[in-house]
Amino acid sequence: MWVHHLRRSRREHLVRRRNGIASAVFSGVPVVFGAVAVTYGLTALRQGSLAGEVVALVAGYAALYVALALIPTFVALSEGTEPVAALRYGVGWLAKHPTAALSMGLLTVAVLAVCLLLTVGFALLFAGLAFSLHVAVVEAVDDAAAATESAPDAVPQ
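In this report, the structure presented in the accompanying data block is examined.

Let's talk about the overall build of the protein chain
Part 1 of the argument: Secondary structure summary: the protein chain contains five helices and zero strands in total.
Part 2 of the argument: For the protein chain, the succession of helices and strands along the chain, N to C, is α-α-α-α-α.
Part 3 of the argument: Looking at the 157 residues of the protein chain, the share that counts as buried comes to 29%.
Part 4 of the argument: Considering only intrachain contacts with a sequence separation of at least 6, the fraction spanning at least 24 residues in the protein chain is 62%.
Part 5 of the argument: Approximately 10800 Å² of the protein chain is accessible, and the part contributed by carbon and sulfur atoms is 71%.

A word on a nonpolar patch on the surface
Part 1 of the argument: The grouping of V114, L117, L118, L124, L125 and L129 at the surface amounts to a nonpolar patch, some 610 Å² of accessible area in total.
Part 2 of the argument: Among the elements that make up the nonpolar patch, the one with the highest residue count is helix α5 (residues 119–150) (three residues).
Part 3 of the argument: Assignment of secondary structure puts L129 in helix α5.

Focus: helix α4 (residues 98–117)
Three or four residues apart is the spacing at which side chains of an α-helix point the same way, because the helix has 3.6 residues per turn.
Part 1 of the argument: Across its 20 residues, α4 extends 29 Å between first and last C-alpha, which sits within 8% of the 28 Å expected from 1.5 Å per residue.
Part 2 of the argument: Packed against the buried residues of α4 are α2 (50–78), α3 (83–96) and α5.

A short note on the nonpolar core
Part 1 of the argument: In terms of nonpolar packing, the biggest core is built from 13 residues, with W93, L94, M104, V138 and V141 touching the most fellow members.
Part 2 of the argument: Residue contacts for V138: discarding those within four places in its chain leaves P72, V75, Y89, W93 and M104.
Part 3 of the argument: Formed by seven residues, the second largest nonpolar core is a distinct cluster that contains A22, L70, A76 and L77.

Conventions we followed
Along each chain, residue indices are assigned from 1 in the same order as the chain's sequence is written. With pLDDT at 70 or above as the cut-off, local features in this predicted model cover only qualifying residues; side-chain atom pairs require 80 or more to be listed or tallied, and sums for whole chains, interfaces and linings still use all residues. Side-chain measures were taken over the full set of non-hydrogen atoms in the model, leaving aside hydrogen atoms and water. Helix numbering and strand numbering both begin at the N terminus, where a helix is a DSSP run of H or I of at least 4 residues and a strand a DSSP run of E of at least 2. Partly exposed residues are those whose accessible area sits between 20% and 50% of the maximum for their type, while under 20% is buried and over 50% is exposed, using a 1.4 Å probe and protein chains only. In what follows, residue pairs with any heavy atoms lying within 4.5 Å of each other are defined as contacts. Throughout, the Shrake-Rupley method with a 1.4 Å probe supplies accessible areas, and for residues the shown protein chains are the sole cover considered. Any residue with relative accessible area above 30% and no salt bridge may belong to a patch, with like charges joined within 9 Å and the nonpolar Val, Leu, Ile, Met, Phe, Trp and Tyr side chains within 5 Å. By definition here, a salt bridge exists when the distance from a side-chain nitrogen of Lys or Arg to a carboxyl oxygen of Asp or Glu is within 4 Å. Given the number of residues in a helix, its expected span is that number minus one, multiplied by 1.5 Å. Nonpolar cores were defined as sets of buried Ala, Val, Leu, Ile, Met, Phe, Trp, Tyr and Cys residues, with membership established by side-chain atoms within 4.5 Å.

Shown next as C-alpha cells:
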C-alpha cells in the first residue's frame, strides 16, 4: 500500500514537473487576448473607433474560445499527456462538444460567483471545485461519446 502511494506520488510529481511550464504558458494566452480586448474596447469607446471595436470583439471572442479549449487541455495535461497533444485534444474536444464546453464554462462562472460570496472560502474552494467539475464533465462526455461510437447501429428491417 505504501509503495503504491509512493509510486503514484512520484508519477504526479513528474507530471507536474513536465507539464508545469506548458500549463503556465497556456494559461497566459486567454489573459493576453482579454487584455487586448479590454484595451481596444476602452480606447474605441473613448474615440468612437469602429475598427477598435471590431478588434476588441474579435480578441474577446478569441479569449473565450481559448479559455474553453484550455479546460479539456488541462484535464489531459493532468493525466500526463504531452503538451502539444493535450492542446490538440482540447481544441478537438471543444469542436466535437460545443454545448458541453459552453455549459461547463457557465457552470464555472456560477461556481465562481458562489465562491466569491464566501470571501474567505474563495481562495480555498474555487480552484478545487472548478477543476473537479471540469474533470467530471470532460470524462463524462468522453465516456458517452465512446459508448455512442462503440454501440452497433440498429438497422430497421
